[in-house]
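Next come the chains, spelled out residue by residue.
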Amino acid sequence: MREFSMLGKGRHRMLLALCWLFLVLTRSGAVSRCVDHACSPPIGNLASGRTLLTHSSCCGNSSFHRSPCPYPTVTPHALCPNDTHPPAHMTDDPFLHPDTWWASGADPTEQEQQDEIRLDLETHFCMSHMVLVFRSPRPAAMAIDRSADFGKTWETLKLFAHNCSEEFGLPDDFTQPGSLCTSRYTSHTPCSGGEVILRTLDPFNAKTLDPYSPEALARLTLTNLRIRLLKAQSCPGPLHPPAAWTSPTDSALTSTSSTESAAPYAIYTLLARGTCLCHGHAENCVAYNSRQDTRQDSNMVSGRCMCAHHTAGDHCEKCAPLYNDRPWRPANSSSGESNPCQKCQCHAHAERCHFSPRAWLSSGGTSGGVCDDCRHNTVGRRCQRCRHGYHRHPSLPLNSPHACTRCWCDPRGSLPTRPGEEGPRCHPRSGQCPCRTGVWGASCSHCQPGHWGFGEEGCRPCACPHSCDPITGQCLDSYSNNQVFNVPIGGKIPDLDHMFTLEEDVQWTKELAVSALHYTGKCSCKEKKLRSALDLCKTKHDYVIKASVLSAHDKGSHAEVQVKVRKVLRSGQVALSLGTISIYPLSWTSRGCTCPILNPGMEYLLAGPEEAGTGRLLVTMQSVVVPWTPRLGLLVSEGLRNGCT
């Protein structure tokens, strides 16, 4: 029995712990109705906690600053000695204070006394309906107005009259539905406890109309509410509350002073049901003049929304600073869609963005955000490029704060900046600086192979069969740069096997086929023989030149050979002149072979095709590469001069 008691206590404690955990999660906001769904704050009485302003044609019970009562010998205090029924009684709890009401001032000389009740709100709210519970008979004519611009202009929501055509010249909505005037709620009975109800939206359309749509908000939104009591009416019998309003203090009603009994208008309750305007993007609101993220537990309906769905503003009427990639839209209450704002892709380099209709249209309606004030030396619509003077770091991601690193260009070897530019310029992705003639390197810091004299005018080409000293220009017997090679007889560049893939993995095409023996490690080229000048005429080469080979450069997938043109015998679309140029052997094998063989320091008769589009001079297996001799030069010159006849 004791064990069962202990088990029962354990279950009870566990249940209490679970209830406490659920309460904590709910209070902390862990459970939210706004997650992927339209949401709205709770509805309350907009008049609760706020001051109601009243004005009577008698000033005895007025909170407006108007002219005094038209009684020169009677003071307002003599007419209304004590304000025992202030406007605040209309908004107190009717269950806790059932015997409190507001009473207008009484003016015996006024034939038709008019009173006004006004509620001024600090910001925009949405009001769904309003209920007035009268202690006096309901007015024979009254109007309910609203303002959406803080009292600058007013719009009548509804007119109430016992006879609409007589009071306002309008038809009754009983006979003509949709009319602004109605005779509902205008009967003098019951003498006390009668209600006047106003629904802001048409009940027939309210079920199908989305309350967050512009059409509905144009009707629901207000900043000021005004009730004009235009024409009073008396009760046929003595003023006594109905049985439903009877309370232990009802005896006090019968002993009310004659001044209070003569008050033409008296209201128990004013209920303006509404909520803060959040467009379906918030479930809680805080005080409008408070910027603290705290919830309020009072009955007062607060005016500043605690926005969700990446929206911002007092009424969630715009997107948050970094969420403007799509146009802002209100949530959809009918479908429940939250329509959240979408984050801009700024790669962590910006804290704000704005929506661009032009970018939205150009993207086909998928993205319209433009990042503002890109940081970390980035620019572009999405902060995706490095600004002038910076380039992408090769090993850092784009969202790194150090993704853009400063260009470093040697001022002697790089081209000067353009007018209006600040600092050095380089390629935004590779960081390559624009180099002067004969200069190379990412920062343009040294001469190209075969050049010398690094300075502000660039580098000059070597006038040597091999290489030259890069500082003095003095000719050297060999090349010191490991990317420039002396190609021995046989076309083999030594010690390069480790730089290329295995030849078994290489797909050799017919156009790039060479005569090198792939399975041996030696280069043995079957070069094209030139028997006579007629061979040049039959093949119709694009260029025929006499040139000295200066150097060969390993580019990994191909070769680039620098030659010095000594004589131009034929040129194609590209006009050739004497000087240093580059030619490109297509036959470049994975063992570092160039076929036909081009040995630096030797002069050749070169004939071959031009590359379409670029005009580069190519050397293929069909090209003529023959060591130059004076006799060969004489035969070729005569044959070309005679037109290959």
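Quantities reported herein were computed from a predicted structural model and do not represent experimental measurements. (Residues numbered from 1 in each chain as written. Predicted model: local features only at pLDDT ≥ 70, side-chain atom pairs only at ≥ 80, totals over all residues. Heavy atoms only, no water.)

Enquirer: Sorry, what's going on with the overall build of the chain here?
Expert: In terms of regular secondary structure, the chain is built from 10 helices and 33 strands. Burial statistics for the chain: of 645 residues in total, 44% are counted as buried. Counting contacts in the chain only where the partners sit at least 6 residues apart, residues at least 24 apart contribute 61% of the total. Of the roughly 35400 Å² of accessible surface on the chain, a fraction of 54% belongs to carbon and sulfur atoms. (Helix = DSSP H or I, 4+ residues; strand = E, 2+ residues; numbered from the N terminus. Buried < 20%, exposed > 50% of the residue type's maximum accessible area, 1.4 Å probe, protein only. Contact = heavy atoms within 4.5 Å. Areas by Shrake-Rupley, 256 points an atom, 1.4 Å probe, with all protein chains shown as cover.)

Enquirer: Looking at this structure, how should I read the nonpolar core?
Expert: If you look at soluble globular proteins, the nonpolar side chains tend to sit buried side by side. Leu46, Ile117, Met130, Leu132, Met142 and Leu270 are the most contacted members of the largest nonpolar core, which has 34 residues in total. Where this core is concerned, the elements lending two or more residues are strand 4 (115-134), strand 5 (141-147), strand 6 (155-161), strand 8 (195-199), strand 9 (221-231), strand 10 (266-276) and strand 11 (282-286). The element contributing the most residues to this core is strand 4, with 8 residues. Once you skip the residues sitting within four places of it in the chain, isoleucine 117 turns out to touch Leu52, Leu53, Thr54, Met90, Trp102, Leu225, Arg226, Ile227, Leu229, Ile267 and Leu270. Counting residues in each nonpolar core, the second largest holds 16 residues, with Ala547, Val561, Val563 and Leu617 among its members. (Core = buried A, V, L, I, M, F, W, Y, C linked by side-chain atoms within 4.5 Å.)

Enquirer: Just checking my understanding: could you explain the state of the cysteines for this structure?
Expert: A covalent bond between the sulfur atoms of two cysteines is what we call a disulfide. Tallied over the full model, the rule gives 17 disulfides. At a sulfur-sulfur separation of 1.9 Å, the disulfide partner of cysteine 34 is cysteine 39. One disulfide, between cysteine 34 and cysteine 39, carries an S-S torsion of 95° and so falls in the right-handed class. Given a relative accessible area of 4%, cysteine 34 falls into the buried group. Since its relative accessible area comes to 2%, cysteine 39 is described here as buried. For cysteine 278, the disulfide goes to cysteine 305, at an S-S distance of 1.9 Å. (Disulfide = S-S within 2.5 Å.)

Enquirer: Explain the environment of serine 400 to me, please; I cannot follow it from the model alone.
Expert: With respect to the helices and strands, the residue serine 400 is situated in the loop between strand 19 (390-392) and strand 20 (404-406). Considered as a pair, serine 400 and histidine 347 are 53 residues apart in the sequence and their alpha carbons are 8.1 Å apart.

Enquirer: Any chance you could explain the confidence of the model for the chain here in plain terms?
Expert: Low-pLDDT portions of the prediction should not be read for the details of their coordinates. In this model, the chain carries an average pLDDT of 78, and 71% of its residues clear a pLDDT of 70 or more. When pLDDT is averaged over each helix and strand of the chain, the minimum, 37, is found for helix 2 (residues 76-79) and the maximum, 97, for strand 16 (residues 369-372). When the criterion is pLDDT under 50, residues 59-81 qualifies, and its contacts beyond four places in sequence or with other chains add up to 39 contacts. (pLDDT = per-residue confidence, 0-100.)

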